[in-house]
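Breakdown of the fold
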Amino acid sequence: MASYHKPDEKTIQGLKDMANKLRIHSIKATCASNSGHPTSCCSAAEIMSVLFFNTMKYKTTDPRNANNDRFIMSKGHAAPILYAAWAEAGYVKEADLLNLRKIDCELEGHPTPKLAFVDVATGSLGQGLGAACGMAYTGKHFDKASYRVYCLLGDGESSEGAVWEAMAFASHYQLDNLVAIFDVNRLGQSEAAPLKHDMETYRKRCEAFGWNTYVVDGHDVEELCKALWQAQQVKDKPTAIVTKTFKGKGIQGVEDQDNWHGKPIPKDKVDAILADLQGQIQTNKLLCPEQPVEDSPKVDISSMCMPCPPAYKIGEKMATRRAYGIALAKLGEASDRVVALDGDTKNSTFSDLFKKAHPDRFIECFIAEQNMVSVAMGCAARDRTVAFASTFAAFLSRAYDHVRMGAISQSNVNLCGSHCGVSIGEDGPSQMALEDLAMFRAIPTCTVFYPSDAVSTEKAVELSANTKGICFIRTSRPETAVLYSPGEKFEVGQAKVVRQSDSDKVTVIGAGVTLHEALTAADELAKEGINIRVIDPFTIKPLDAETIISSARATGGRIITVEDHYREGGLGEAVCGAVAEEPTILVQRLAVSHVPQSGKPTELLHMFGISAKSIVSAVKSTFAN
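Predicted, not measured: the structure shown is a model, and the values here were computed from it. (Residues numbered from 1 in each chain as written. Predicted model: local features only at pLDDT ≥ 70, side-chain atom pairs only at ≥ 80, totals over all residues. Heavy atoms only, no water.)

1. Quick notes on the state of the cysteines
Here is the rule: Counting rule for disulfides: a pair of cysteine sulfur atoms within 2.5 Å.
The tally for this structure, following the rule as stated, stands at zero disulfides. Looking at Cys-42, it has no disulfide partner, and the nearest cysteine sulfur is the one in Cys-41, 6.6 Å off. Looking at Cys-105, it has no disulfide partner, and the nearest cysteine sulfur is the one in Cys-41, 15 Å off.

The structure is reproduced here in structure tokens:
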């Protein structure tokens, strides 16, 4: 086994000096912006110095290089010291640090991927380690490369359950290329963190979760150098380095004092503090990071195509959740960069079909949906993979903050939520996704697919793989008839008019199971001489307003929406928004009106007024009025 060689004295002093340079930059930047978190930066100064100028291997002029070691600042409020490190590395202009948080500067209050050296946005605490797990898993199993992944967490954020979901994941998958550094500076935002400086309890917790763990003085660069070197030697375990630090370290009168979180140093004190720090710098030693090993494969995920058309016949019965699994497995044949994740629901979402076909590219995340979403984002970072994560749509609500941060991260992650609506039946309301359309419609970068048959589901999977931003695919439990031929063309934002005549009285818009209820209603009404136009929106966001408006005009300005979702935020409200400036169009909304209960799917569709019978009644009422 290799033996540790302590850095020479000049390097040690250079790293100490670099830490104080990073403190000075952080204090100056936060003073210039009159906001920010200098004390949170100062506790991590030695950690950042050793990581960026002794341990990590990366190209300073090419932060997104596929071979570089990765770094995630999970304690995102310490962004100024991250920017300072890249300034000292030569990538960020030092003068730009003084534009921190200004509207025309990309050095924002918390890191975002507007900056090439940021892979995922952080600042909503507790999420960085999950993304780091995804990057480390990708590096070890998909890229099979030498790069390592480092994640810096605060002690306050380690109260978040998502951190421990990630800790469990990393040890289960033996991610020995992952290092989590805990900056235990004792103080939170409003009071001390619960464990304060109880380093032994931190050690025991990390070890209990299966991590190789070191406890060190976070302000001793020699101890940090050694611990980070030791982490590189460990096999089959991730490493946690728990560092005892002091908030505001190096700031006279502020260090280890409460009530300084998120406050710049007062102007009447800053000059003396900066002079004191400057006086501690003893060398001008140039510290250059080591170049990375260039063994990451070249990856191209720019054009994903199914190897063959859908293999379904019109009228054949197939649940869209099963069609999702079949489509995902097919897409996996087209590219070895397609990966799938699930939260122990793979035999219900049918992502198990992908696992059977491509077991080396399936990641079981178990019942930890927050972490699953963050891991998927990590897998998708730097365009290394096309990641699809699936679970019951209802359980994605638990991960909503991670999805929200995914939009800020400019992530291209794909999420599939099955078992939507009351149509799942007997399992009852805890399993019924009735808020998911509202959730995902509110995400600014999200495309929302709601396929209604097996063919359109397969097309949704293919389109998701090629669509920038977050994609959400809503799938259903009941088996429904195939409506479209294998050659049918689908596009994002283009609806299908699946039933029409020259004498249509009302336009009915349904999706998933309710589209089939609408078609059944159309057949019943036709027997009575009443024709209706039926639209399948395919994507709820963006919605095909042009098709909806033209159809409404052709049917006397009458629209009925019917959805297996609560009234708030779903299909009906999307349609109302699309026709808001059309004074002659009236929209009637049929939706789930209150918390449902167990029952047979047909009983529940009828109970909540979204069955074919309910649509027939609504059409007659609308036409009569």
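Picking up after the structure, the text goes on.
2. Examining the pattern of salt bridges
The test is simple: Note on definitions: salt bridges are taken to be side-chain nitrogens of Lys or Arg within 4 Å of carboxyl oxygens of Asp or Glu. Numbering of helices and strands runs from the N terminus, with a helix taken as a DSSP run of H or I at least four residues long and a strand as a DSSP run of E at least two residues long. Three labels apply to residues, based on accessible area from a 1.4 Å probe with only protein chains included: buried if under 20% of the type maximum, exposed if over 50%, partly exposed otherwise in between.
Using the criterion set out here, one finds 26 salt bridges in the structure. The partner of Glu-524 in a salt bridge is Lys-527, with the nearest N and O atoms 3.4 Å apart. Linking Glu-524 with Lys-527, this pair stays in helix 17 (residues 513-527), spanning three residues, or about one helical turn. Relative accessible area serves as the criterion here: at 65%, Lys-527 is assigned to the exposed category. Within the structure, one salt-bridge network assembled from shared partners comprises Lys-6, Glu-9 and Glu-222.

3. Quick notes on the sheet that holds strand 16 (residues 531-536)
Cut-off, in case you're wondering: Strand pairing is defined by DSSP finding a minimum of two bridges between the two strands. Note on geometry: axes are C-alpha line fits, over the in-contact stretch for helices, and angles between N-to-C directions span 0 to 180 degrees.
Pairing in this open sheet of five strands is mixed, and the strands run 14-16-15-18-19 from one edge to the other. Edge positions in the sheet fall to strand 14 (496-499) and strand 19 (586-592), since each of these pairs with one other strand and no more. Direction aside, neighbouring strands of the sheet carry axes that sit 25 degrees apart on average. Summarising the sheet, strand 18 (residues 558-566) and strand 19 pair through six bridges and their orientation is parallel. Within the sheet, the bridge partner assigned to Thr-561 lies in strand 19 and is Arg-589.

4. Brief notes about the pairing of strand 7 (residues 338-342)
With five of five residues buried, strand 7 is to be regarded as a mostly interior element. Burial along strand 7 is two-sided: the face carrying Val-338, Ala-340 and Asp-342 and the face carrying Val-339 and Leu-341 are both buried. One ladder, built from five bridges, connects strand 7 with strand 9 (residues 386-392); its direction is parallel. Note on strand 9: the bridge partner recorded for Asp-342 is Ser-390. Taken together, the three bridges between strand 7 and strand 8 (residues 362-364) define a ladder with parallel strand orientation. Bridge assignment links Leu-341 to a residue of strand 8, and that residue is Ile-363.

5. Some remarks on helix 3 (residues 45-55)
By the criterion of burial, helix 3 is predominantly enclosed, with 10 of the 11 residues buried. Within the sequence span of helix 3, burial applies to Ala-45, Glu-46, Ile-47, Met-48, Ser-49, Val-50, Leu-51, Phe-52, Phe-53 and Thr-55.

6. Remarks on helix 10 (residues 320-334)
To keep things clear, this is the line we draw: Helix span, as expected, comes to 1.5 Å for every residue beyond the first.
In a regular helix each residue adds 1.5 Å, so 15 residues correspond to 21 Å; helix 10 covers 21 Å between its end C-alpha atoms and thus fits that length. For helix 10, a buried count of 11 out of 15 residues is recorded, marking the element as mostly surrounded by other parts of the structure. Thr-320, Arg-321, Ala-323, Tyr-324, Gly-325, Ala-327, Leu-328, Ala-329, Lys-330, Leu-331 and Gly-332 are the residues of helix 10 that are buried.

7. Focus on the nonpolar core
The following threshold applies: Here, the term nonpolar core denotes a set of buried Ala, Val, Leu, Ile, Met, Phe, Trp, Tyr and Cys residues that are joined through side-chain atoms within 4.5 Å. Residues count as neighbours in contact if any of their non-hydrogen atoms are within 4.5 Å of one another.
Of all hydrophobic cores here, the largest spans 83 residues; its most connected members are Leu-129, Leu-178, Phe-182, Leu-341 and Leu-415. The element contributing the most residues to this core is helix 5 (residues 128-142), with eight residues. Residues in contact with Leu-129, not counting those within four places in the same chain, are Ser-74, Cys-151, Leu-153, Val-163, Ala-166, Met-167, Leu-178, Ala-180 and Trp-211. Within the second largest apolar cluster, 52 residues are counted, among which are Met-18, Ala-19, Ala-29 and Leu-82.

8. Focus on the sheet that holds strand 1 (residues 70-73)
Overall, parallel pairing links the five strands, which are arranged 1-2-3-5-4 in an open sheet. Where the open sheet ends on each side, the last strands, each with one partner, are strand 1 and strand 4 (212-217). Each adjacent strand pair in this sheet contributes to an overall mean axis angle of 20 degrees, direction not counted. Here strand 2 (residues 149-154) pairs with strand 3 (residues 178-184) via six bridges, running parallel. Opposite Leu-153, over in strand 3, you have Phe-182 as the bridge partner. Each of strand 1, strand 2 and strand 3 is contacted by helix 5, which is oriented at about 170 degrees to strand 2, the strand it contacts most. Here helix 8 (residues 221-233) sits on the sheet in contact with strand 2, strand 3, strand 4 and strand 5 (239-244), set at roughly 170 degrees to strand 4.

9. What about the packing of aromatic side chains?
For the record, the criterion: Put simply, two rings from Phe, Tyr or Trp (the six-membered ring, in Trp's case) pair if the centres are within 6.5 Å, and we call them stacked under 30 degrees between planes, edge-to-face over 60, tilted for the rest. Placement of a positive charge over a ring is assigned whenever Lys NZ or Arg CZ falls within 6 Å of the ring centre and within 35 degrees of the normal to the ring plane.
Counting across every chain of the model gives 19 aromatic pairs. When the centroid spacing of 5.8 Å and the interplanar angle of 75 degrees are considered together, the rings of Phe-52 and Tyr-58 count as edge-to-face. The pair formed by Phe-52 and Tyr-58 is uniform in burial state, with each residue classed as buried. With a centroid separation of 5.2 Å and 70 degrees between ring planes, the pair formed by Phe-52 and Phe-71 is classed as edge-to-face. In this pair, Phe-52 sits in helix 3 while Phe-71 sits in strand 1, placing the two residues 19 residues apart along the sequence. Exposure remark for Phe-71: the relative accessible area of 8% places this residue in the buried category. Ring pairing ties together the aromatic residues Phe-52, Tyr-58, Phe-71, Tyr-83, Trp-86, Tyr-91 and Phe-117, which thus form one cluster. If you follow Arg-70 out to its NZ or CZ, it ends over the ring of Tyr-147, 3.6 Å from the centre.

10. Examining the packing of helix 5 against helix 6 (residues 161-172)
Selection criterion: Roughly parallel here means an angle under 35 degrees, roughly antiparallel means over 145, roughly perpendicular means 65 to 115, and every remaining angle is called oblique. Note on convention: the crossing is left-handed when the near helix lies turned anticlockwise from the far helix by less than a right angle, right-handed when the turn is clockwise. Note that Gly is not counted as nonpolar here; it falls among the polar residues with everything else outside the nonpolar set of Ala, Val, Leu, Ile, Met, Phe, Trp, Tyr, Cys and Pro and the charged set of Asp, Glu, Lys and Arg.
Orientation of helix 5 relative to helix 6, taken along the N-to-C sense of each, is 20 degrees, at an axis distance of 8 Å. The orientation of helix 5 relative to helix 6 falls into the category roughly parallel. You can see that helix 5 and helix 6 cross each other, and the crossing is left-handed. Here Leu-129, Gly-130, Cys-133 and Tyr-137 of helix 5 come into contact with helix 6, specifically with Val-163, Ala-166, Met-167, Phe-169 and Ala-170. For the contact of helix 5 with helix 6, a count of residues per class yields eight nonpolar, one polar and no charged.

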